[in-house]
Amino acid sequence: MKNYIKHDPWSVIEEGWHPEENKITESLMSLGNGRMGQRGNFEEQFSGNTLLGNYVAGVYYPDKTRVGWWKNGYPEYFAKVLNACHWIGIHIKIGEEEVDLNQAKSITEFRRVLNMQDGTLFRTCHVTLKSGKQLKLESLRFCSMADDESGAIKYSITPLNFDEIIRFTVFIDADVKNEDSNYDEKFWDGIHQEAQGNSGFVTVSTKKTEFQVCTGFDFVFHQNGEETKVEVEPVVKEKYAGLLFNFDAKRNNTYTLYKYAVNLSSLNYKKENLLNETKKYLKTISGKGFSLMLREQQQLWAQKWSTSDITIEGDISAQQGIRFNIFQLNQTYTGKDARLNIGPKGFTGEKYGGSTYWDTEAYCIPFYLATAPQKVARQLLYYRYNQLDKAIENAQKLGFIKGAALYPMVTMNGEECHNEWEITFEEIHRNGAIAYAIYNYTQYTSDYSYLAEAGAEVVFGIARFWAQRVNWSNEKNKYVMLGVTGPNEYENNVNNNWYTNYLAAWCLNFGLEVIQYLKNNTPEDYLRISKKIKLEEISETEQWQHIASNMYLPFDAHSELILQQEGYLDKEQILVKDLPESQRPLNQKWSWDRILRSCFIKQADVLQGIYFFEEDFDLDTIERNFRFYEERTVHESSLSPCVHSILAAKIGDFNKAYEMYLRTSRLDLDDYNNDTEDGCHITSMAGTWLSIVQGFAGMRIVNGKMHFSPHLPSQWQQYSFKITFHDTLLTFTIHSGKTEIHNQSEKVIRLCINQMDYEIQANSTLLV
Ligand code: BGC
């Protein structure tokens, strides 16, 4: 756990230079706009501890799987989000001396600030070079939300104690590597590079997938605020374009460079037009200029905050924590493009390959549903709809037939690309989360048109998979599901994981409900879809019904506990509190076989199911299972504490709820798991939001109606959050003993608070 980030309500601040923590700070200070993003790297040369990271959403490389013993059915590759063209580069030489913070004699007044309100990254410092020359550096940059294939930098240098020739090299460089490359190869081939006038362009193509990305830049130079023409010398190499210029710098004068950059990819433009389009785009943004681009950035971020902000009074670190989570989610996914999704590390690092996991459906969708326009969550659902054919193919490869769909555990384009056996083949619960997200969406929005349009086909494909994946057990007189891994990855190849069985039965029932809904409401759609997927209505629905009502759900009658899987109670029952600190995290300290034999749980599993289907369980059952599994859970996945926090709040254990909330809220800011240097845990950030809105405020949607049971954690004076429900923006403020709800719309809103019904008139406030 680290504690060097300054607490502040709107900013993430590194004050004083912390070179040993630089990779962590780079992750925390990442910027993005949904289409591209980058780590908080320095513009100038830096030979110290750094992970260079620039990413273009949707552009990936299929890195060939590396395993010792190949097994049939393994995915060919693990998709990697690519470290793409480094577009921020500005190298500086004072005389012959390179400015490199790692080589400097001293660095003072260092401050790096991620401004979450505006979506910008600022840095300032005084550098004393080995020669004794002193200078001040200042930079401000952002990935533009308005022009989301571009970014801009304002970079200033002021000599403090010398007059000397300064040499600037302003460049873009696509000759970069991924740290996590399986075979230590570079993923980009050079296609074109040029530099002339004040601009430069590099086009590169990914090996195998042949995505092309063209990056272009230009710059304007100012002396003491006045634009100044400079003589530039182009430097062009394979995958590199730079412009070099010198000027006679005088002490206490400030020299500023405005650099504009554009990243266009063949996902959005024809390859043959890429260079010209990049030139056009660049002209537009540099024509706008830095100040206008910045104003637009501020306006767009203000809009985002106006529907998604959470304020917490009385605890500045909690305030910073929740804003950091909301900020990262908003800059990772904007919902503009249904081909994009939310990688567990977003644009903040290479780990998890930038691919899509069940995290999106299980955790992120509720956040976007409540804080962004409806279209945003819809796009995430469409992402899966568009990959349905691949999911059917994926299931076919594993022997399933008749349109059964198995969505991948990890994917970029619909193909499975995770290369661990247990996860690819066994962690099939992910399929259920995808159907559950469709249910969640219709519940929240009451937009049932999505079912006929796309959702029903996905639900039916998933139902067909479960119907084939179970088998009848004569011994149990029930359907069983053998050889799976539940969300708790510290068990492999178990029989009858309760969560998976329960979810499968639920999906089959949901499939039946969707059929009924379509037949009753849009019969022509039902006919069209059932014809398209060759649904054998009578036999298939009878089968779904039979399985759903006869699924084996492991339960211990003596303790009245749901069993995570058959035989779970045979394990030696040890509690997490009795594990010596020195043995944790288990995944770093214990052998894999010891982890598998133990009763310790990586992340919510039975509790994940209780969280999803809470209405099916009475409070005693929730509490009994919560108490039992909570004591055995090590939370070695960042997705886990939020589920525990929400359920703890449900049973009224607010101390536990708060303890679990703290683990999610500042996970990255305090580097709680010692891994923030790899990137931030973007998908689990949605869990932090859930812990407040569904946990402390108790939001649930039941039969299309909002319910709340607000609680104020004793550590806070008050908190407020915003949600959009049926196109109505509501602001909730929870004070001690009272709740204020402002309805910012022309509609009357009905909701339920602590089981009482209320109406809020248009544009008015209700105090309860
Ligand atoms: C978790 C998975 C999750 C993945 C990506 C793993 O550690 O166990 O549930 O999907 O991380 O976040």
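Keep in mind it's a predicted model, so treat the numbers as computed, not measured.

### Let's talk about the overall build of the protein chain
Argument step 1. On a plain count of helices and strands, the protein chain comes out with 19 helices and 34 strands.
Argument step 2. Computed over C-alpha atoms, the radius of gyration of the protein chain comes to 27 Å, within 12% of the 27 Å expected from 2.2 N^0.38 for 768 residues, which places it in the range of a compact globule.
Argument step 3. Expressed as lengths along the three principal axes of its C-alpha atoms, the size of the protein chain is roughly 85 × 60 × 55 Å.
Argument step 4. The contacts of the protein chain with a sequence gap of at least 6 include a subset with a gap of at least 24, amounting to 68%.

### As for helix α11 (residues 523–532)
Argument step 1. Within α11 the residues assigned to the buried category are Asp525, Tyr526, Ile529 and Ser530. Mapping the buried residues of α11 onto a view down its axis gives an arc of 120°, with all of them on the same face. Turned more than 90 degrees off the buried face of α11, the exposed positions are Glu524, Leu527, Lys531 and Lys532.
Argument step 2. Contact partners of the buried residues in α11: α9 (449–469), α10 (498–521) and α12 (537–549).

### Side note on the site of the ligand
Argument step 1. In the region of the ligand, the neighbouring residues are Pro344, Tyr352, Tyr357, Trp358, Asp359, Glu489, Lys602, Gln603, Ser637 and Leu639.
Argument step 2. In this structure, an oxygen atom belonging to the ligand sits 3.0 Å away from a side-chain N or O atom of Trp358.
Argument step 3. Here an oxygen atom of the ligand and a side-chain polar atom of Glu489 are 3.1 Å apart.
Argument step 4. Contact with the protein chains removes 91% of the 310 Å² of surface that the ligand exposes when unbound.
Argument step 5. Residue composition of the shell around the ligand, by class: five nonpolar, two polar and three charged.

### Side note on the side chain of Ser645
Argument step 1. Relative to the helices and strands, Ser645 resides in helix α17 (residues 640–650).
Argument step 2. If near-sequence neighbours (up to four positions away) are discounted, Ser645 is found in contact with Ala657, Met660, Tyr661 and Ser691.

### Here we look at the domain arrangement of the protein chain
Argument step 1. When its domains are assigned, the protein chain resolves into domain 1 (5–305) and domain 2 (373–553).
Argument step 2. Each of domain 1 and domain 2 has a C-alpha centre, and the two are 43 Å apart.
Argument step 3. Between domain 1 and domain 2, roughly 1000 Å² of surface is buried when both sides are summed, and carbon and sulfur atoms account for 67% of that area.
Argument step 4. When the area that domain 1 buries against domain 2 is broken down by residue, the three leading residues are Pro75, Tyr77 and Phe78, summing to 45%.
Argument step 5. Here domain 1 and domain 2 share two residue pairs in polar contact (both at pLDDT 80 or more) between them.

### Regarding the sheet that holds strand β14 (residues 164–173)
Argument step 1. If you trace the five strands from one edge of the open sheet to the other, you get β9-β8-β14-β20-β19, paired in antiparallel fashion. Looking at the sheet topology across the chains shown, the edges are occupied by β9 (97–98) and β19 (233–237).
Argument step 2. Judged from the five bridges that link them, β19 and strand β20 (residues 240–249) form a sheet pairing that is antiparallel. Directly across from Pro234, in β20, lies its bridge partner Leu243.

### Remarks on α17
Argument step 1. Here α17 lies mainly inside the structure; 10 of its 11 residues are buried.
Argument step 2. Within α17 the residues assigned to the buried category are Ser640, Pro641, Cys642, Val643, His644, Ser645, Ile646, Leu647, Ala648 and Ala649.
Argument step 3. The first or second residue beyond α17 is Gly652, which carries a positive phi of 85°.

### Comments concerning the packing of aromatic side chains
Two descriptors summarise a pair of aromatic rings, namely the distance from one centre to the other and the angle between the planes of the rings.
Argument step 1. Here the structure, examined in full by the defined rule, presents 66 aromatic pairs.
Argument step 2. With centroids separated by 5.6 Å and ring planes inclined at 55°, the aromatic side chains of Tyr258 and Phe290 adopt a geometry described as tilted. Highlighted residues: Tyr258 in strand β21 (residues 255–265) and Phe290 in helix α2 (residues 274–308), separated in sequence by 32 residues. Assigned by exposure class, Tyr258 and Phe290 land together as buried.
Argument step 3. Here a set of aromatic residues connected by ring pairs shows up, and it is made of Tyr436, Tyr439, Trp498, Tyr499, Tyr502, Trp506, Phe510, Tyr611, Phe612, Phe613 and Phe617.
Argument step 4. The ring of Phe171 has Lys259 lying over it, and the distance from NZ or CZ to the ring centre is 5.8 Å.

### Some details on the packing of helix α18 (residues 654–665) against helix α19 (residues 682–696)
Argument step 1. Packing of α18 against α19 leaves a shortest axis separation of 9 Å and a crossing angle of 160°. As judged from the angle between their axes, α18 and α19 are roughly antiparallel. In the packing of α18 onto α19, the handedness of the crossing is left-handed. Each of Phe654, Ala657, Tyr658, Tyr661, Thr664 and Ser665 in α18 lies in contact with α19, whose residues at this interface are Gly687, Thr688, Ser691, Ile692 and Phe696.

### Here we look at the sheet that holds strand β27 (residues 700–702)
Argument step 1. Here we have four strands laid out as an open sheet, ordered β27-β28-β32-β33, and mixed in their pairing. Looking at the sheet topology across the chains shown, the edges are occupied by β27 and β33 (756–760). In this sheet, adjacent strand axes meet at a mean angle of 35° when their direction is disregarded.
Argument step 2. Direction of pairing for strand β32 (residues 749–753) relative to β33: antiparallel, over a ladder of five bridges. By the bridge assignment, Arg750 is partnered in β33 with Glu759.

Rules used throughout
- Residues numbered from 1 in each chain as written.
- Predicted model: local features only at pLDDT ≥ 70, side-chain atom pairs only at ≥ 80, totals over all residues.
- Heavy atoms only, no water.
- Helix = DSSP H or I, 4+ residues; strand = E, 2+ residues; numbered from the N terminus.
- Rg over C-alpha atoms; globule rule 2.2 N^0.38 Å.
- Contact = heavy atoms within 4.5 Å.
- Buried < 20%, exposed > 50% of the residue type's maximum accessible area, 1.4 Å probe, protein only.
- Arc of directions from axis to C-beta.
- Near = heavy atom within 4 Å.
- Polar contact = N/O pair within 3.5 Å; in protein donor to acceptor, adjacent residues only side chain to side chain.
- Areas by Shrake-Rupley, 256 points an atom, 1.4 Å probe, with all protein chains shown as cover.
- Nonpolar A, V, L, I, M, F, W, Y, C, P; charged D, E, K, R; others polar.
- Domains from an automatic or database assignment.
- Buried area = accessible area lost by both parts, 1.4 Å probe.
- Pairing = 2+ DSSP bridges.
- Phe/Tyr/Trp six-rings, centres within 6.5 Å; stacked < 30°, edge-to-face > 60°.
- Lys NZ or Arg CZ within 6 Å of the ring centre and 35° of its normal.
- Axes fitted to C-alpha atoms, helices over the stretch in contact; angles between N-to-C directions.
- Parallel < 35°, antiparallel > 145°, perpendicular 65-115°, else oblique.
- Left-handed = near helix turned anticlockwise from the far one by under 90°.

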